[in-house]
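These are the residues of each chain, in order.
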Amino acid sequence: MDDDATVSAADIARLAGVGRAAVSNWRRRYPDFPAPVGGTASSPLFGLSAVAGWFRARGKKFELSAGERAWQRLRALGDDLDLAERVSRAGVFFAFQAGILDTFDSRLDDPELITLLSEMTHRAGPLESFELLCHRYFEAHSRRLSATPEPVAELMARLAGPVSTILDPACGFGALGLASGAKTVLGQDSDPMTASIATLRLRLRGIEAEVHAVDALREDAFAGRTAEAVLCDPPFNERAWGHDELVGDARWEYGLPPRGEPELAWVQHCLAHVEPGGAVAILMPGAAAGRRSGKRIRGNLLRAGAVRAVITLTGSDLWLLRRPVPGQRPPSTVLLAEAGDDLSTVDEMWREFGERPESGVRIIDLLDDDVDLTPARRRGRDEDLGRAFQAVQGRFAELTPRLPPLEAADTEPAFTTIGELVKAGVVEVKHAARTDGEHPVAEEGNVVASVTGIAYVHSGPPAPVGAGLTVYRVDPDRLDADFLAGCLRAADLPAASASTRIDGRRVRIPRVAIDVQREYGQVFRRLAEFDTVLRQTAETGRELVRLGFAGLVEGRLRPRR
């Protein structure tokens, strides 16, 4: 084990199979817990050898797989600023092992690391091995890396439709290309190491990838070329995007983007690279829908029929566009809607709008002095704010989240794992395919769970589960379903990549009698209900605040005297 390797509290929790709160408790309770050797007060780093020794001395589980050892070795070989380059070099090694590259020249001159990467390849294969290192890198630098969330990437890919070729002009680490299911991905990213990692992730999945390490706005690597669809999550609010040198660029079909509107430059870049009739799905800051400086371009996009929908998600808007087909009559309506963090509603809204386009907002009504496409503002114009406020206020008053009574316990139970329960025949595990393929059926009393912390007991008639979900069929005489669902939810599994499924078999389950399980299962169920009502209370409260501000400004509400 490398004496220079360091681990964060989150690393320790993952390796020990516990939550981060447990690590904090150990630091407080045990004076001999290893002291930090680096990092900051809020994000300390600990010596890996010292932590492993502390666990061994107490007989506690602390698993160091070849993948974990390789990750720690990669981190210890240099500065964190160069970590992306070392991850990329490891990817070259895996690509060579997979037969994608004929020669191996990744400049990995560390024999210990080469041995660990070889062991990873033997145990898990090149693809899953590289994904493990990538996700460790993403976790370690989550505050400075801006990656498209996997559920959002999958949503964008679905709405753009199944295609064989996509273009992503701000591809980052390849999240949109991976989610698209396309056979060919054309991409650009201004950072060479990011572009390299994206290329390797795509090619290890058998996707034909052409990724250029240059800024797409300043140096269009695909000038004159189009794809069936364009997916894009561009950088927001970058003032130095090349406005002065790109004044006469042919991509600005709908108008020269103002200096402070780089996002409208990305929109037009995307439209220039999609086939006529092809779809563009692009994430945009909410302000881009209503800033006065961009109204001329928004108006031109609407008149041409290029904008088909603006849907507000959490933290951004999703713009859906189509490149106009010459000679085809532009549509007369556009979809303006809000989804927040409930992405499941977007597919249905888009489908209904496709079936009944007259249900959308008339484009002619948007071509006013503001050309404001903000969904929330449009809804405010269309509703009676006074009555809406009163209705929401009534719903808010009815929401009463009740936390089940809990008390501190000093004992720590023995644990088993789902894997052991599977071997004992107590539970059967069925995984759904991530895209096309078999989807298991959930029956009454089965537990359905995802890798993002969702877990519930299925009720009602049998139904196939969605992509990426897992069905747990329990022996009710030996394992309580609500108890298992609570343990799965407590595990707080991290989101998996497009190709890597987190191994839920390692989730720890307290080894207690069935009557105790049922008692705990009832409390788990009440906690889940409390969480649901709490979320509803928060969402309804935000809606109440929005309506209150809007109603006061519009004169539909006044202070009560």
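Here's a quick rundown of the structure. (Residues numbered from 1 in each chain as written. Predicted model: local features only at pLDDT ≥ 70, side-chain atom pairs only at ≥ 80, totals over all residues. Heavy atoms only, no water.)

In this section: the nonpolar core. One finds I282, W319 and L373 to be the most contacted residues of the largest nonpolar core, which totals 40 residues. For this core, the secondary structure elements donating two or more residues are β7 (227-232), α11 (262-272), β8 (274-284), α12 (295-304), β9 (307-313), β10 (317-322), β11 (333-340) and α14 (363-366). Broken down by element, this core gets its largest block of residues, 6 residues, from α11. Non-local contacts of L373, meaning those with residues more than four positions away in its chain, are made with A289, R298, L302, V307, V310, W319, L336 and L366. Residues L155, I311, L318 and F353 belong to the second largest nonpolar core, which totals 37 residues. (Core = buried A, V, L, I, M, F, W, Y, C linked by side-chain atoms within 4.5 Å. Buried < 20%, exposed > 50% of the residue type's maximum accessible area, 1.4 Å probe, protein only. Helix = DSSP H or I, 4+ residues; strand = E, 2+ residues; numbered from the N terminus. Contact = heavy atoms within 4.5 Å.)

Moving on, we get to the pattern of salt bridges. Under the defined criterion, the tally for this structure stands at 30 salt bridges. Ionic pairing is found between E139 and R136, a salt bridge with its closest N-O pair at 3.6 Å. Of this pair, E139 and R136 both sit in helix α7 (residues 126-140), separated by 3 residues, roughly a single helical turn. R136 gets classed as buried once you look at its relative accessible area, which sits at 11%. Where K423 meets E420, a salt bridge forms, and the shortest distance between an N and an O atom there is 3.8 Å. Of this pair, K423 and E420 both sit in helix α17 (residues 418-423), separated by 3 residues, roughly a single helical turn. (Salt bridge = Lys/Arg side-chain N within 4 Å of Asp/Glu carboxyl O.)

Next up on the list: helix α13 (residues 344-355). Regarding α13, the residues found buried are V346, W350 and F353. Here the buried residues of α13 occupy an arc of 65° about the axis, which is enough to place them on one side. Away from its buried face by more than 90 degrees, α13 exposes S344 and E355. Where the residues of α13 are buried, they touch α8 (150-160), β9, β10 and β11. (Arc of directions from axis to C-beta.)

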